[in-house]
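# Examining the three-dimensional arrangement
Here is how the chains run, residue by residue.
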Amino acid sequence: MVYVISKTGKPLMPTERYGRVRRLLKQGLAKVVKREPFTVQLLYDTTTYTQPVTVGLDIGSKTTGVSAVTEKKEIFSAEIELRDDIKGLLLERRQYRRMRRYRKVRYRKPRFLNRARDNGWLAPSLQWKVDAHIRIVDMLGRIMPIERVVVEIAPFDTQKILNPDIQGQDYQNGAQKGFWDVREYCLWRAGYKSELSGKRGILEVHHIVSRSEGGTDTPSNLIVLTADEHKAVHEGRIRIPKSKVEKVKMFKDAAHVSTIGWHIVNRLRERYSVEVTYGSTTKAKRLNCGMEKSHRADAFIIAGGDLQERLREWYLGKFLRRQNRSLHKANPIKGGVRPVNRIKEAYGFRRYDRVEYEGMVGIIAGLRSSGYFAIRSLSGEKIHDSAKHSKLRLIERAKTLMLERRKERIPLHLEEDGVSCARI
């Protein structure tokens, strides 16, 4: 699928007439403006007739599905991986700033009651995910005529997940009812002894999955240990049994999706005509169409897809961190020289540039001043660990959102029967 925009920058309908596109490029009547998704701009006046396009957005915490559909066929399909390192980077930056402040290398005004939060404030990690979904739709809006956007809202009832039979007043009569706090409940649950060894003494409560890794303060993620055992766990001399770790139920992703859903809808309504659907509706339609569960399939259903012809090529997308600031790295200066690889460019190449190496296309995952780079696919598959720069051909400069084209794998028996792509 080749996406087309007019001479004035207005998005037109995409085409699959590759021969005509080649001729236009060869004759100088069009130019390439984007490699992935492949987009050309016409350099002559033409009609601007378009068909209505509906974009379906399957909101996710780690991966987002997006699909664009017309009345007859699907014209775009992608699964895009979101960044999940925002919180950790902010905590790291705070630590380094605090260390500099204490060393008095330079004066930095202490933080005190100067962090007012506006109405509708979201944590930076969640705000980034909201912005990422908006960027995805805006990217499509620049290459195709979007008439409306359909977004799936997924409010999760975590108590219902833990107890499917819960209803009415049972929501108020939880396991911790009557206890002062969660620590008191955990001690009572453990019989006031260690849940590892059964010993009594000075007891402490330990997070099985640390909060930095998404763990919560719910009782299922807490275990009672003696003070000595607690210290040994943190020092690595004792490990929590795997059976207890597997019983911990994580609702971090569900909480994220529930939180950002309406923020995304409200932001999109400032620019597009937006409709809302729900996960139960999407699941019923997907099962009725006989499709396997995936973010792309859900997005296709959300966009109103049913019997339309589905694309056999789709895009794997990934948001990448472009900055590599030395200001926020805790590497000591030895002899007045920083002994750390901080290069941002080598031999004309930068990290995450898309390159071709011996007929294979990948991105630069590791940059070295020696001129030998690590090449990977966007999904992380190894192409070469030490490719020489002279054997690389630059295809595309690094961007915050990189896309890689993939082909749909269709079972042979379905191809022989001529089954529509929408049924796969």
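Residues numbered from 1 in each chain as written. Predicted model: local features only at pLDDT ≥ 70, side-chain atom pairs only at ≥ 80, totals over all residues. Heavy atoms only, no water.

What follows deals with the environment of Y272. Within the secondary structure, Y272 sits in the loop between α8 (252–268) and β10 (274–278). Taking the C-alpha atoms as reference points, Y272 and V149, separated by 123 residues in sequence, lie 6.8 Å from one another. Apart from the residues within four sequence positions on either side, Y272 is in contact with V137, D138, G141, I146 and V149. For Y272, the side chain forms a polar contact with the side chain of D138, separated by 2.7 Å. (Helix = DSSP H or I, 4+ residues; strand = E, 2+ residues; numbered from the N terminus. Contact = heavy atoms within 4.5 Å. Polar contact = N/O pair within 3.5 Å; in protein donor to acceptor, adjacent residues only side chain to side chain.)

In a beta sheet, neighbouring strands pair by backbone hydrogen bonds and run either parallel or antiparallel. Here we have 5 strands laid out as an open sheet, ordered β15-β14-β13-β12-β16, and antiparallel in their pairing. Every interior strand has two partners, whereas the edge strands, β15 (382–388) and β16 (392–396), have only one. The mean angle between the axes of side-by-side strands here comes to 45 degrees, regardless of whether they run parallel or antiparallel. (Pairing = 2+ DSSP bridges. Axes fitted to C-alpha atoms, helices over the stretch in contact; angles between N-to-C directions.)

Attention shifts here to the pattern of salt bridges. Scanning the entire structure with this criterion turns up 21 salt bridges. A salt bridge links R310 to E74; the shortest N-O distance between them is 3.4 Å. Placement of the pair is R310 in the loop between α10 (295–302) and β11 (313–319) and E74 in strand β6 (residues 74–81), with a sequence separation of 236 residues. Neither R310 nor E74 differs from the other in exposure class; each is buried. Note that R286 is salt-bridged to D298, the shortest N-O span being 2.9 Å. Taken together, the residues R286 in helix α9 (residues 279–289) and D298 in helix α10 connect sequence positions 12 residues apart. Judged by its relative accessible area of 8%, R286 falls in the buried class. One network of salt bridges, with partners in common, ties together E36, E313 and R405. (Salt bridge = Lys/Arg side-chain N within 4 Å of Asp/Glu carboxyl O. Buried < 20%, exposed > 50% of the residue type's maximum accessible area, 1.4 Å probe, protein only.)

Moving on, we get to the sheet that holds strand β7 (residues 146–153). Read from one edge to the other, the open sheet built from 7 strands follows the order β10-β7-β4-β5-β6-β11-β17, with strand pairing classed as mixed. One side of each edge strand has no neighbouring strand; the edge strands of this open sheet are β10 and β17 (401–407). Across the sheet, the axes of successive neighbouring strands diverge by a mean angle of 20 degrees, strand direction being ignored. Across 5 bridges, the pairing between strand β4 (residues 53–58) and strand β5 (residues 63–69) is antiparallel. Paired with G56 across the bridge in β5 is S67. Its contacts with the sheet place α9 against β7 and β10, and it is angled at close to 75 degrees to β10.

In this fold, M1 is placed in the segment before β1 (3–5). With a relative accessible area of 14%, M1 lands in the buried category. Along the backbone, M1 and E16 are 15 residues apart, and their C-alpha atoms lie at a distance of 5.1 Å. Here M1 is in contact with P14, T15, E16, Y18, F38, E74, I75 and L311, once residues within four sequence places are set aside.

Here the focus is the packing of aromatic side chains. In this structure the tally under the stated criterion is 7 aromatic pairs. Their ring planes at 80 degrees and their centres at 5.2 Å tell us that W128 and F319 sit as a pair that is edge-to-face. Here F319 lies in strand β11 and W128 lies in helix α3 (residues 124–141), a separation of 191 residues in the sequence. Assigned by exposure class, W128 and F319 land together as buried. (Phe/Tyr/Trp six-rings, centres within 6.5 Å; stacked < 30°, edge-to-face > 60°.)

Where α9 meets α10, the closest approach of the two axes is 9 Å, and the angle between their N-to-C directions is 100 degrees. Put simply, α9 runs roughly perpendicular to α10. Contacts from T282, K285, R286 and C289 in α9 reach A297, D298, I301 and I302 in α10. Along the lines of polarity and charge, the residues of the contact of α9 with α10 split into 4 nonpolar, 1 polar and 3 charged. (Parallel < 35°, antiparallel > 145°, perpendicular 65-115°, else oblique. Nonpolar A, V, L, I, M, F, W, Y, C, P; charged D, E, K, R; others polar.)

Burial within β6 is extensive, with 7 of its 8 residues counted as buried. Sheet topology places β5 next to β6; 7 bridges connect them, and they run antiparallel. Looking at the pairing, V66 lines up with A78 of β6. Between the antiparallel neighbours β5 and β6 lie 4 residues. Relative to β11, β6 is paired through 4 bridges, and the arrangement is parallel. Bridge pairing links E79 to L316 in β11.

Attention now goes to helix α6 (residues 227–235). Considered for burial, the residues of α6 that qualify are E229, H230, A232 and V233. All buried residues of α6 project into a common sector of 165 degrees when viewed along the axis, lining one side. Across α6 from its buried face, at more than 90 degrees, point the exposed residues D228, K231 and H234. The elements touched by buried residues of α6 are β8 (203–207) and β9 (222–226). Directly beyond the C-terminal end of α6, a positive phi value near 85 degrees is found at G236. (Arc of directions from axis to C-beta.)

Spatial relationships are all this shows, so hold off on functional conclusions.
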